Structures are given as C-alpha cells and as structure tokens.
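This is what each chain is made of:
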Amino acid sequence: FFILGALKLYITPVFMAANAVLLLLIAVQAKKLVPIAVPDIGWLKNSPLIIKGVFAVFVAFAVLNFIAAAAPPTSADALLHHLTAPKIYLSEHSIVNIPSLQLMTEAPMSVNMIYLYGLKLLNGKLAQTIAWYLSFLAALAVFMITAKITTKQSAVVAATIFATLPIFSVFNVRPYVDVPLAFFVLLATHFLLQWLERNETKHAVLTGLFIGMAVSAKNTGLLTGAAFAITIAVMFLRAPADKRGRL
C-alpha cells in the first residue's frame, strides 16, 4: 500500500485490480487455506469438561468482541490518528505530508496501511473489524505456539487467558496498532521456532518478514527487532561450526 501511495495510485481501479488478484490467490490456494481458516477441533471431544468450558469462554469473547468491532469507530486515538491519516491519503490518492499530523505520520504505519484498505473498500467499520480479525489471529497464534511446546489443552487455556485480558478486550475492538504488533511478534516467534526445528529457508524468510512487519507497526517495534536480532545472533554463535552455514 505504501508503494501504491508513493505512485499516487490510491484510486478505485487499482484497488479493484488488487482485490481481483487477492481473490485469485485465495482460489488457487483454497485447499491449503481451508485447514487454516477452519482448524480441526475434533480433539476437544476427548478433552476434560473444564477445557471445553474454557474453549466456550474463548468463543464467547471472540463473538462479543466482533459485535463491538462492527460498531462505528468512536475512540479518539482512532479518529484523530489511525484512521484520519489513511482517509487523507485516500482523498489525495497518494501519501502526502500532513502538517497537523506530522509527528504521528512520521511514525511507522504498516498497520494503518492495512486499515486504509478497509476504509477504501467500505468504511471505518470495516477497518475496525480488520483490527478485530488481526487480534483474533493473535489469540490463535498464542494457541499455535503453546500447542507446539505443550499440549492443545494447555494451548486453549493460554489463548483464552490472552483473549480475556482487559487490555486486550479494549484494544482489539479499536483500530489501534498494539495488538497487531503483538500478532506479528507471535508469528515471527512461531516461524523462528520452525526454523530452529526444520532449518528450512522459507521459515527464515517468514521470520524476517514478520519481524519487519513488527518493526514497521510502531516505534516500540524497533525494540522487538533488536531482540530478535540478538536472539538470531546468539543462535548462530552457539550453533556447531558445521551447521552455521545452514542457518
């Protein structure tokens, strides 16, 4: 979206073409995406009743938060910053200097560019719903990482604790950048663990991609990038000499 803005291409035909490409990619990858979009929860049948109850709480919070996110945006931070700048960019068909928002717009804005897409397709409600969706995916990422380390039952508890945190409930129904930042960090962590386990280049690339998304989401994301850089450097230094070339 940044490249389109730099080229002054925030126009309807370009967004329609982008939608067509996106739908085509989804259609081509449908068989791979279905298991991700509709995960297998058959293991819940043999889980203890308390785990089923915890899962029900997770679903209930997800539904309630979705209903809240579908309402018009009302938070001051969203209206004065996260959605205002994208609206101005759309009205000008490009990324322009906004003197009244200069301090804010000079900060990383990768997540706000995602909200720009929602504003262009529909309105602030869709942008806010996108924020909820990214937050929901963050909770699923907690489940995914925890399940890999422990068990799926423990992962349900971890994801539910994450999804029911008061600060999460406040932020995930507003078009903010904090929970999406956490989502990118979680994905980077997941693919870093995959890279350690399987030593495949694609996992290294995905780790770098989501570290980049985290860094470009918010100023504090720079600290995340530094932490991952130190972690990867330590991994490299601690690896046996014969394996360093594969990292």
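Since the structure is predicted, the reported quantities are computational estimates derived from the model, not experimental observations.

**Student:** Is there a simple way to explain the nonpolar core in this structure?
**Tutor:** Considering soluble globular proteins, one finds that nonpolar side chains tend to be buried as a cluster. In terms of nonpolar packing, the biggest core is built from 46 residues, with Tyr10, Tyr89, Tyr115, Leu116, Phe183 and Phe184 touching the most fellow members. Mapped onto this core, the elements with two or more residues apiece are α6 (84-92), α8 (110-121), α9 (124-149), α10 (152-163), α12 (178-198), α13 (201-215) and α14 (221-238). Element by element, the count of residues in this core is highest for α12, at 10 residues. Among all residues touching Leu116, those that are not within four sequence positions of it are Tyr10, Phe15, Pro86, Tyr89 and Leu90.

**Student:** I would appreciate a short explanation of the pattern of salt bridges in the present structure.
**Tutor:** Between side chains of opposite charge, a pair can form when the charged atoms approach closely. In the structure shown here, the tally under the stated rule is 3 salt bridges. Close ionic contact of Glu197 with Lys148 constitutes a salt bridge, the shortest N to O distance being 2.6 Å. Residue Glu197 is found in helix α12, and its partner Lys148 is found in helix α9; the two are separated by 49 residues along the sequence. Taking relative accessible area as the criterion, Lys148 reaches 33% and is therefore assigned partly exposed.

**Student:** Would you mind going over the environment of Val142 with me for this structure?
**Tutor:** Mapped onto the secondary structure, Val142 falls in helix α9. Spatially, the C-alpha atoms of Val142 and Ile161 are 9.8 Å apart, while their sequence positions differ by 19 residues. Apart from the residues lying within four places of it in its own chain, the contact partners of Val142 are Ala158, Ala159, Phe162 and Leu186.

**Student:** Explain the side chain of His203 to me, please; I cannot follow it from the model alone.
**Tutor:** Relative to the helices and strands, His203 resides in helix α13. Setting aside residues up to four positions removed in sequence, His203 forms contacts with Phe191, Gln194, Trp195 and Arg198.

**Student:** How do you make sense of empty space enclosed by the protein when you look at a structure like this?
**Tutor:** Gaps left between atoms show up when a probe the size of a water molecule is rolled over them. Under the defined criterion, the tally for this structure stands at 1 cavity of 30 Å³ or more. Taken as a whole, the largest cavity encloses approximately 60 Å³ of empty space. Sorting the residues of the lining of the largest cavity by element identifies α4 (49-69) and α9 as the ones contributing at least two each. Looking at the lining of the largest cavity, the element that brings in the most residues is α9, giving 4 residues. Its residues placed into classes, the lining of the largest cavity shows 7 nonpolar, 3 polar and no charged.

**Student:** Any chance you could explain α8 here in plain terms?
**Tutor:** Count 3.6 residues to each turn of an α-helix, and residues three or four apart come out pointing the same way. Along its 12 residues, α8 runs 18 Å from first to last C-alpha, staying within 8% of the 16 Å computed at 1.5 Å per residue. Burial of α8 is extensive: 9 of the 12 residues sit out of reach of the surface. What α8 keeps buried is the set Ser110, Val111, Asn112, Met113, Tyr115, Leu116, Tyr117, Gly118 and Leu119.

**Student:** Even after reading the chapter, I still don't get the environment of Ile145, so can you show me in this structure?
**Tutor:** Note on placement: Ile145 falls in helix α9. When the C-alpha positions of Ile145 and Ala155 are compared, they lie 7.8 Å apart, and in sequence the two are 10 residues distant.

**Student:** Please clarify how the side chain of Gln128 should be interpreted in this entry.
**Tutor:** Following the sequence through the fold, Gln128 ends up in helix α9. On the basis of relative accessibility, which here comes to 3%, the residue Gln128 falls in the buried class.

**Student:** Is there a simple way to explain the packing of aromatic side chains in this structure?
**Tutor:** For any two aromatic rings, the description comes down to two numbers: the centre-to-centre distance and the angle of the planes. In the structure shown here, the tally under the stated rule is 7 aromatic pairs. Consider the rings of Trp132 and Phe136, whose centres lie 5.4 Å apart with planes at 15 degrees: the pair is stacked. You can see Trp132 and its partner Phe136 sitting in helix α9, 4 residues apart, about one turn around the helix. Taking the relative accessible area as the measure of exposure, Trp132 reaches 13% and is therefore buried.

**Student:** Explain the packing of α8 against α9 to me, please; I cannot follow it from the model alone.
**Tutor:** Each pair of packed helices can be described by the angle between their axes along with the distance between the axes. Contact geometry for α8 and α9: axes closest at 7 Å, N-to-C directions at 140 degrees. Between α8 and α9, the angle is such that the two are oblique. In this structure, α8 crosses over α9, and the sense of that crossing is right-handed. On the side of α8, the interface is formed by Ile114, Tyr115, Gly118, Leu119 and Leu121, while α9 contributes Gly124, Leu126, Ala127, Ile130, Ala131 and Leu134.

Calculation rules
- Residues numbered from 1 in each chain as written.
- Predicted model: local features only at pLDDT ≥ 70, side-chain atom pairs only at ≥ 80, totals over all residues.
- Heavy atoms only, no water.
- Core = buried A, V, L, I, M, F, W, Y, C linked by side-chain atoms within 4.5 Å.
- Buried < 20%, exposed > 50% of the residue type's maximum accessible area, 1.4 Å probe, protein only.
- Helix = DSSP H or I, 4+ residues; strand = E, 2+ residues; numbered from the N terminus.
- Contact = heavy atoms within 4.5 Å.
- Salt bridge = Lys/Arg side-chain N within 4 Å of Asp/Glu carboxyl O.
- 1 Å grid on protein atoms, 1.4 Å probe; cavity = no way out; pocket = protein on both sides within 12 Å on 5 of 7 lines; lining within 4 Å.
- Points joined across faces, edges and corners; volume = space filled by probe spheres on them.
- Nonpolar A, V, L, I, M, F, W, Y, C, P; charged D, E, K, R; others polar.
- Expected span 1.5 Å × (residues − 1).
- Phe/Tyr/Trp six-rings, centres within 6.5 Å; stacked < 30°, edge-to-face > 60°.
- Axes fitted to C-alpha atoms, helices over the stretch in contact; angles between N-to-C directions.
- Parallel < 35°, antiparallel > 145°, perpendicular 65-115°, else oblique.
- Left-handed = near helix turned anticlockwise from the far one by under 90°.

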